[in-house]
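# Observations on the three-dimensional arrangement
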Amino acid sequence: MTKTKEFVAESVQNMRPSGIRKFFDLAANMEGVVSLGVGEPDFVTSWSVREAAILSLEKGYTSYTANAGLLELRNEIADYMENRFHVKYDPKEEIIVTVGASQAIDIAMRAIINPGDEIIVVEPCFVSYVPLVELAGGKAVTIETKPEHDFKLQPDQLKQAITPKTKALLICSPNNPTGTQLTKEDLQGICDIVIEHDLLVIADEIYAELAYDIQHTSIASIEGMQERTILINGFSKGFAMTGWRLGFCCAPKEISHACLKIHQYAMMCASTPAQYAALEALQSGMDDVVQMTKDYRRRRNYIVSSLNEIGLDCHIPGGAFYAFPSIKSTGLSSEEFAEKLLMEQKVAVVPGNVFGKGGEGHIRCSYASSMEQLQEAIKRIKNFIEK
Ligand SMILES: Cc1ncc(COP(=O)(O)O)c(C=O)c1O
């Protein structure tokens, strides 16, 4: 009999399935669940953006675009990055439109990793980082950030993790799952070490628009960093466009060319209607982004103060749409807490341990949900911990 499992590459056999999906699937099969589990906006994409995609189809724009994406869109992305985040990229050589930030992370890894290269990954973090480093043949060296530091990477931790094999630091601000936003000063401390050790940075800034107290600082805007940064961003979060699958990466010409080689063979180009939608989002969608951000801020303030009031310690996340409270006071592990909460009170959250080191003892609560849903969730979580 054919042993079909053996056809699967060992690197994939050994890969853990995403812990987020597991809870998502469990909750999907239950009635009356209040979900704080999903990491995507509850807003529908702005009408003008949807209309631009419809119009592109009506006009018959159904063929491939340039591999790197519509030049018109890349021009617009270059303006956006300059005006919003003070980093100037050449749209012809340094910007690639990708299938979500997810694909941008993948091509970045594959473009830079030689077998055995070490990539420092700051945890807790988005679930794809470690598997993508490993799939590209690299070794993920993880650093655990601590709640007492508001989950911020400390320069000393970074210094200690660097070895002669270190190639790059992968960092995300504002962060999923902690919501932690790094200030310019925080970034400067990290960049000094990165520059001293001649490292590259892969900066996942997909939540850049969702910053609530201070403006987002792009790591590439720090002196001496643009030439050593692969900047990743996209439309999923800030523009409420997860299903369109559109992101982009910006990098120095040589690295961008390397990423494009992979992108052209693996993907050809991102979806054409989605690119027309993104063009419209940048041209006319910023007012909606501001409005959504205001809404998230209000929800963040509510959920963080409510979690603290009911006895779950929660730092104030500066960005993204996640609260990451400690559940240590309950004596339960993250998995136990999430599973029991789902079964007993029908509230879906994600156990912190799925985000790697430092996540245990926490749960991720997404507040990309209506205020009514958030209020209901808090009521149920309170019932759960008081029982
Ligand atoms: C930190 C982070 N990076 C990247 C992504 C993927 O985004 P996209 O939908 O653009 O692929 C996510 C999605 O949850 C995320 O949280």
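In this report, the structure presented in the accompanying data block is examined. (Residues numbered from 1 in each chain as written. Predicted model: local features only at pLDDT ≥ 70, side-chain atom pairs only at ≥ 80, totals over all residues. Heavy atoms only, no water.)

### Topic: the site of the ligand
Around the ligand, a shell composed of 13 residues is seen, among which Ala101, Ser102, Asp204, Ser236 and Lys237 lie nearest. The contact in question runs from an oxygen atom of the ligand to an N or O atom on the side chain of Tyr207, over 2.8 Å. Taking Arg245, its side chain carries an N or O atom lying 2.7 Å from an oxygen atom of the ligand. Within the complex, the protein chains bury 93% of what would otherwise be the 400 Å² of accessible surface of the ligand. Sorting elements by how many residues they give to the shell around the ligand places helix α5 (residues 100-112) first, with three residues. (Near = heavy atom within 4 Å. Polar contact = N/O pair within 3.5 Å; in protein donor to acceptor, adjacent residues only side chain to side chain. Areas by Shrake-Rupley, 256 points an atom, 1.4 Å probe, with all protein chains shown as cover. Helix = DSSP H or I, 4+ residues; strand = E, 2+ residues; numbered from the N terminus.)

### A few points about the sheet that holds strand β7 (residues 229-234)
Taken in spatial order, the seven strands make up an open sheet running β2-β8-β7-β6-β5-β3-β4, and their pairing is mixed. Lying at the two open borders of the sheet, with one neighbouring strand each, are β2 (95-98) and β4 (139-144). Strand-to-strand twist across the sheet, computed as the mean angle between neighbouring axes with direction ignored, equals 20°. Here strand β6 (residues 200-204) runs beside β7; their pairing, made up of four bridges, is parallel. Residue pairing in the sheet places Ile202 in a bridge with Ile230 of β7. Lying over the sheet, helix α4 (residues 71-85) contacts β2, β7 and β8 (247-250), oriented at roughly 110° with respect to β2. Contacts between α5 and the sheet are confined to β2, β3 (118-123), β5 (166-172), β6, β7 and β8, with β7 contributing the most and set at about 160° to the helix. (Pairing = 2+ DSSP bridges. Axes fitted to C-alpha atoms, helices over the stretch in contact; angles between N-to-C directions. Contact = heavy atoms within 4.5 Å.)

### Remarks on the pattern of salt bridges
Per the counting criterion, the structure on display carries 17 salt bridges. In this structure, Asp213 engages Arg300 in a salt bridge whose closest nitrogen and oxygen atoms are separated by 2.8 Å. Here the residue Asp213 occupies a position in the loop between β6 and β7, and Arg300 occupies one in helix α11 (residues 286-309), the gap between them amounting to 87 residues. As a salt-bridge pair, Asp295 and Arg298 come within 3.8 Å of each other at their nearest N and O atoms. Residue Asp295 and its partner Arg298 are located together in helix α11, separated by three residues, close to a single helical turn. On the accessibility criterion, Asp295 (19% relative accessible area) is buried. Ionic contacts of the salt-bridge type, sharing partners, join the residues Asp42, Asp295, Arg298 and Arg299 into one network. (Salt bridge = Lys/Arg side-chain N within 4 Å of Asp/Glu carboxyl O. Buried < 20%, exposed > 50% of the residue type's maximum accessible area, 1.4 Å probe, protein only.)

### Regarding the nonpolar core
Among soluble globular proteins, nonpolar side chains are generally buried collectively. In terms of nonpolar packing, the biggest core is built from 68 residues, with Met109, Ile112, Ile202, Ile230, Ile232, Ile303 and Phe321 touching the most fellow members. With seven residues, the top contributor of residues to this core is α5. Sequence-distant contacts of Ile112, defined by excluding residues within four places in its chain, comprise Asp117, Ile119, Lys167, Ala168, Leu200, Ile202, Ile230 and Ile255. Counting 53 residues, the second largest nonpolar core, distinct from the first, contains Leu73, Tyr80, Ala161 and Ala208. (Core = buried A, V, L, I, M, F, W, Y, C linked by side-chain atoms within 4.5 Å.)

### Details of the packing of aromatic side chains
Under the counting rule described, the total for this entry stands at 14 aromatic pairs. Between the aromatic rings of Tyr207 and Tyr322, the centroid separation amounts to 5.7 Å while the plane-to-plane angle is 80°, which identifies the pairing as edge-to-face. With Tyr207 in the loop between β6 and β7 and Tyr322 in strand β9 (residues 322-323), this pair connects stretches of sequence that are 115 residues apart. Pairing Tyr296 with Phe321 gives two aromatic rings, centres 5.4 Å apart and planes at 50°, and the pair type is tilted. On the criterion of sequence distance, the pair formed by Tyr296 in helix α11 and Phe321 in the loop between α11 and β9 is long-range, its members being 25 residues apart. Comparing Tyr296 with Phe321, the two get one shared label, buried. Within the aromatic cluster, the residues linked to one another by ring pairs are Phe43, Tyr207, Tyr296, Phe321 and Tyr322. (Phe/Tyr/Trp six-rings, centres within 6.5 Å; stacked < 30°, edge-to-face > 60°.)

### Notes on a nonpolar patch on the surface
A cluster of nonpolar residues, Val8, Val12, Met15 and Leu135, forms a patch on the protein surface that exposes about 290 Å² of accessible area. Judged by relative accessible area, which is 39%, Val12 ranks as partly exposed. (Patch = residues over 30% accessible without salt bridge, like charges linked within 9 Å, V, L, I, M, F, W, Y side chains within 5 Å.)

### Quick look at the pairing of β3
In regular strands, side chains alternate between the two faces of the sheet. Among the six residues in β3, six count as buried, and that is most of the element. Burial along β3 is two-sided: Glu118, Ile120 and Val122 and Ile119, Val121 and Glu123, pointing in opposite directions, are all buried. Across six bridges, β3 lies against β4 in parallel orientation. Residue pairing across strands places Ile120 opposite Val141, the latter belonging to β4. In this view, the connection linking β3 to its parallel neighbour β4 by way of helix α6 (residues 129-135) has right-handed handedness. Judged from the four bridges that link them, β3 and β5 form a sheet pairing that is parallel. Across the sheet, Val121 pairs through a bridge with Leu170, a residue of β5. (Right-handed = clockwise from strand over helix to strand, strands pointing away.)

### Comments concerning the sheet that holds strand β12 (residues 363-366)
Taken together, three strands build an open sheet; the order of strands is β9-β12-β11 and the sheet is antiparallel. Both edges of this open sheet fall to β9 and β11 (350-351), since each of them pairs with a single strand only. Inspection of the sheet shows β11 paired to β12 by two bridges, in the antiparallel sense. Residue pairing for β12: Pro351 is matched across the bridge by Ile363.

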